[in-house]
There are 2 protein chains.
Amino acid sequence: MALSTMIYNHLPTSQHSINRLSIIHSHQEVALDRPQTKTSNPALRLTESLSHLLHLHLETPPKTNLHQSNWNLYSEEKHSTPTISPKEVIAQKWHDMQVSSDWDNLLDPLHPWLRREIIKYGEFAQATYDAFDFDSFSEYCGSCRYNCNKLFEKLGLSRNGYKVSKYIYAMSHVNMPQWLERSNLVDTWSKDSNWMGYVAVSDDKETSRIGRRDIVVAWRGTVAPTEWFEDMQRKLESFGHGDAKVEHGFLSIYTSKNDSTRYNKSSASDQVMKEVTRLVELYRKKGEQVSLTITGHSLGGALALLNAYEAASTIPSLPISVISFGAPRVGNIAFRDELHQLGVKSLRMVIKQDIVPRMPGLVFNESLQKFDDITGTLNWVYTHVGAELKLDVHSSRYLKHGFNLPGFHSLETYLHLIDGFVSTSSTFRLDARRDVALVNKACDMLVDELRIPHCWYQMANKGLVCNAHGRWVKPKRDIDDIPSPRVEENNVHALEAGMQTQDVLKPLYSV
Amino acid sequence: MALSTMIYNHLPTSQHSINRLSIIHSHQEVALDRPQTKTSNPALRLTESLSHLLHLHLETPPKTNLHQSNWNLYSEEKHSTPTISPKEVIAQKWHDMQVSSDWDNLLDPLHPWLRREIIKYGEFAQATYDAFDFDSFSEYCGSCRYNCNKLFEKLGLSRNGYKVSKYIYAMSHVNMPQWLERSNLVDTWSKDSNWMGYVAVSDDKETSRIGRRDIVVAWRGTVAPTEWFEDMQRKLESFGHGDAKVEHGFLSIYTSKNDSTRYNKSSASDQVMKEVTRLVELYRKKGEQVSLTITGHSLGGALALLNAYEAASTIPSLPISVISFGAPRVGNIAFRDELHQLGVKSLRMVIKQDIVPRMPGLVFNESLQKFDDITGTLNWVYTHVGAELKLDVHSSRYLKHGFNLPGFHSLETYLHLIDGFVSTSSTFRLDARRDVALVNKACDMLVDELRIPHCWYQMANKGLVCNAHGRWVKPKRDIDDIPSPRVEENNVHALEAGMQTQDVLKPLYSV
């Protein structure tokens, strides 16, 4: 595909024209009644018009007027429907699944209880994006905007019945400019580390519903897949004591540490394993059955597998599941086989149109013909793990079907398609309840008729507030939301107390 | 200048790389410690990284770490300073100015009381942007987001001591795709018209301070200057009864009407003249001295001159001033001379680096060498009117000085430079109080050290709100903010009542 087309397709419409300077067409083609591409950003609009002024007549895609009627009906009806499907007690079902081999007879058709659980874990993964501080003018860039006691409440996830017990931070010794978010400021909470995810535990009510105390690890992914492309070939590294090899980029994020840092004196691996081990012991001491579910999107899905491998190798007889979304290949066949031998159950959600799950293979298979001869080799070197739930953008009438890289890879697109998935042989289910608007949070995938703006997830005035003197200022972050290794250490004990008292959890739980 | 550079410079930094696909550089150049351009928009970030993945290594401008220290001092100190300079009683001064010829001895150095007044009128013009509905998914796209009784309150302009009496709507028979904002929807408040400005009147307190009942007309401009470039030459049209000729694009917006429309059964000209005449008679009946001040930015400044010409021709002995910002040339020398004979006082604020005031001449002078031979002619055809206050981006240390078309043309940039302007021979005044952050509302002009995000003026989640069922929906507009010709007609009378009762105005006035 022509690059211009590619760029064209996965940019918000308002910027098409600016990104297609190469495409000139006769001015006469601009019809009087055809509204031009709109944007509320005057900078972009002036850019557009000045290019125009300088005889760079920019092509803007024709806009058809939207007939609301039927879609309004849809919206009206939908707007008064809860976004959460009812939860059923799955204690027994979960046990059956654990004893059965990988997700047999549950995926096609997708069993409703499993769909509900997959979305729950997907929302835990989504939280790592929604709460992440991307503001390079903030001294807390790369951290979580809320402390771990507020995270779920702030994101409306309390209803899932889990409580965050610990945050995980990661750094990398590999050059991953697209991964590590850094503040432009000199005085910053951390020069080396990023918030990379968290550990959470099911509360008593959720625990009884799902039939075990469920420890969740959610790994933040990245919207920039370049990091695992970096010198991929020569950097396949051993992992564990066997023949397992994994891509060194992921491994570097998972294992890097440096005594001179504030947040990675211990590695992400050390942090997560210490906390998971602590929790497993805590609840096993109480005679509870415990499980570990590790989730992540994109890069986060890759880290989830490394984490699962390590947990399965070090904690005996712990049921471990990996629920990943749009994750790339991570390691070689030995890695896959050892994971299987360790009893790790892995379920990979994959959108057919998403290229990321085809990486690292991608650049060899799809992009660079000259590499074709070694493609086979690479597909052999990098292989996927566990069961796959294949999703298709075309199954949803709410989605635009045009080429859209970020849209196809977006976790919210995954959750929407899972919510509507029944089986490979049937269409999008009509009683899917998850809010369709969420899909456009950070991309432009919804059909215009829905009238949901693209990339709408944004702060009012980018976080600036008008103070008493009439000045627009960046407010200081709440003291209890400022990252602090000590405070986060203490929180762990607060949790233990919390888990013994229903009262502490009740306010977190809403039906 | 190369186009890429041009586009490069006036796009928000986060989009540089996407807009510079042509510029490839060696991958090795990406230094480990150099943070990449950031954006909180995952779509753009994935685009960026995938172009990268496909070997389109995008150039991103080097980012230097920002040393806060001195700037923090600046900020801390500034943050606790009111943004409004004290107002002095200027009744006498205004009379002197009216009898004296055009702004003599007031501009260089700029007299503090005049600076304060210019900024007041500039804020009235800025209001037409800040309250405009640009959302093409809204059925009210192209209207004002608030009704005229709420406008100043919503924008924090009540302190200026004026009350809006009427909104002005305009359409155009000329093809101006970049000017007219249209909804994508079929059912919309108006298919033909846009909110184009408003008429306001000083309240009693402000009236006594400034020495007359001041009627203000504020015209909305446009961030897209193409419309007056369209077939500029052959479309110079007669205006008034003399030799005056003006650019037909402006004239079309000012005079177009159509019986089949909701908002332009009468033209913008008819609407504004009817309201201004009504107000002049109303206050003259009360024995008050009345003045008319017409303001506008860009296109709005052009309309202000047409409006002034008509008002001066039809309302005898009414003191009329035009305060324009970054306005283009409008008409021929006869137009200028007649305006002068009619006693219209015009003051044009012009930023040296802003190209718009050099239009229509621009494309002939600056862009297309082949037209050089007729440049003189055109400069003669299109001429500026009245006195000019020349501003220079380089005078402010708060501004980036790199080429930035939208930044140079932005009204907020104008207001910032006026606030700091003392005289052509002296530097930016240190006691300038206007909030510097406002400059970046819709462009990227502030130096990074100030840590003000670019284009920060935006709604939370683009106006979507989470309803009781957990769904993100576009809320219906307040009933009293839905445009309605009848309601707006009635409002006029509400005002008259209002103007007689101090009580009605008091809440609108704050020091």
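Please refer to the structure placed before this passage.
Bear in mind that the values here come from a model prediction, so they are computed numbers and not experimental data.

### Here's the deal with the overall build of chain A
Now for step 1: Along the backbone of chain A there are 17 helices and 11 strands.
Now for step 2: In chain A, which comprises 511 residues, the share counted as buried stands at 64%.
Now for step 3: Across chain A, contacts joining residues at least 24 apart in sequence account for 74% of those joining residues at least 6 apart.
Now for step 4: Here chain A displays about 18,700 Å² of accessible surface, and carbon together with sulfur accounts for 55% of that area.

### Regarding the environment of B:Lys390
All names here are of chain B.
Now for step 1: For lysine 390, the location among the structural elements is in strand β9 (residues 387-391).
Now for step 2: For the pair lysine 390 and leucine 438, spaced 48 residues apart in the sequence, the C-alpha separation amounts to 21 Å.
Now for step 3: What lysine 390 contacts, discounting residues up to four positions off in sequence, is Val350, Lys352 and Phe421.

### Some remarks on the side chain of B:Asp203
All names here are of chain B.
Now for step 1: Within the fold, aspartate 203 resides in the loop between β2 (194-202) and α7 (204-210).
Now for step 2: Buried charged residue aspartate 203 carries no salt bridge. Nearest counter-charge: arginine 213, at 6.1 Å.
Now for step 3: Separated by 3.1 Å, the side chain of aspartate 203 and the backbone nitrogen of lysine 205 make a polar contact.

### Concerning the packing of helix α8 (residues 248-255) of chain A against helix α10 (residues 299-314) of chain A
Residue and element names in this part refer to chain A.
Now for step 1: Taken N-terminus to C-terminus, the directions of α8 and α10 make an angle of 70°; their axes are 10 Å apart at the nearest point. As judged from the angle between their axes, α8 and α10 are roughly perpendicular. Classified by chirality, the crossing of α10 by α8 is right-handed. Along the contact surface, α8 presents Phe250, Leu251, Ile253 and Tyr254, while α10 presents Leu299, Ala302, Leu303, Leu306, Asn307 and Glu310.
Now for step 2: Here the contact of α8 with α10 is built from residues that sort into eight nonpolar, one polar and one charged.

### Thoughts on the packing of aromatic side chains
Residue and element names in this part refer to chain A.
Now for step 1: One pass over the full model with this rule turns up 36 aromatic pairs over all chains.
Now for step 2: Centroid distance tryptophan 195 to tyrosine 198: 6.5 Å. Interplanar angle 15°. Geometry classified as stacked.
Now for step 3: On the accessibility criterion, tryptophan 195 (0% relative accessible area) is buried.
Now for step 4: You can call tyrosine 198 buried: its relative accessible area is 0%.

How each quantity is defined
Residues numbered from 1 in each chain as written. Chains lettered and ligands numbered in written order. Predicted model: local features only at pLDDT ≥ 70, side-chain atom pairs only at ≥ 80, totals over all residues. Heavy atoms only, no water. Helix = DSSP H or I, 4+ residues; strand = E, 2+ residues; numbered from the N terminus. Buried < 20%, exposed > 50% of the residue type's maximum accessible area, 1.4 Å probe, protein only. Contact = heavy atoms within 4.5 Å. Areas by Shrake-Rupley, 256 points an atom, 1.4 Å probe, with all protein chains shown as cover. Lys, Arg positive; Asp, Glu negative; His and termini not counted. Salt bridge = Lys/Arg side-chain N within 4 Å of Asp/Glu carboxyl O. Polar contact = N/O pair within 3.5 Å; in protein donor to acceptor, adjacent residues only side chain to side chain. Axes fitted to C-alpha atoms, helices over the stretch in contact; angles between N-to-C directions. Parallel < 35°, antiparallel > 145°, perpendicular 65-115°, else oblique. Left-handed = near helix turned anticlockwise from the far one by under 90°. Nonpolar A, V, L, I, M, F, W, Y, C, P; charged D, E, K, R; others polar. Phe/Tyr/Trp six-rings, centres within 6.5 Å; stacked < 30°, edge-to-face > 60°.

In short, the description is geometric, and any link to function would need to be established separately.
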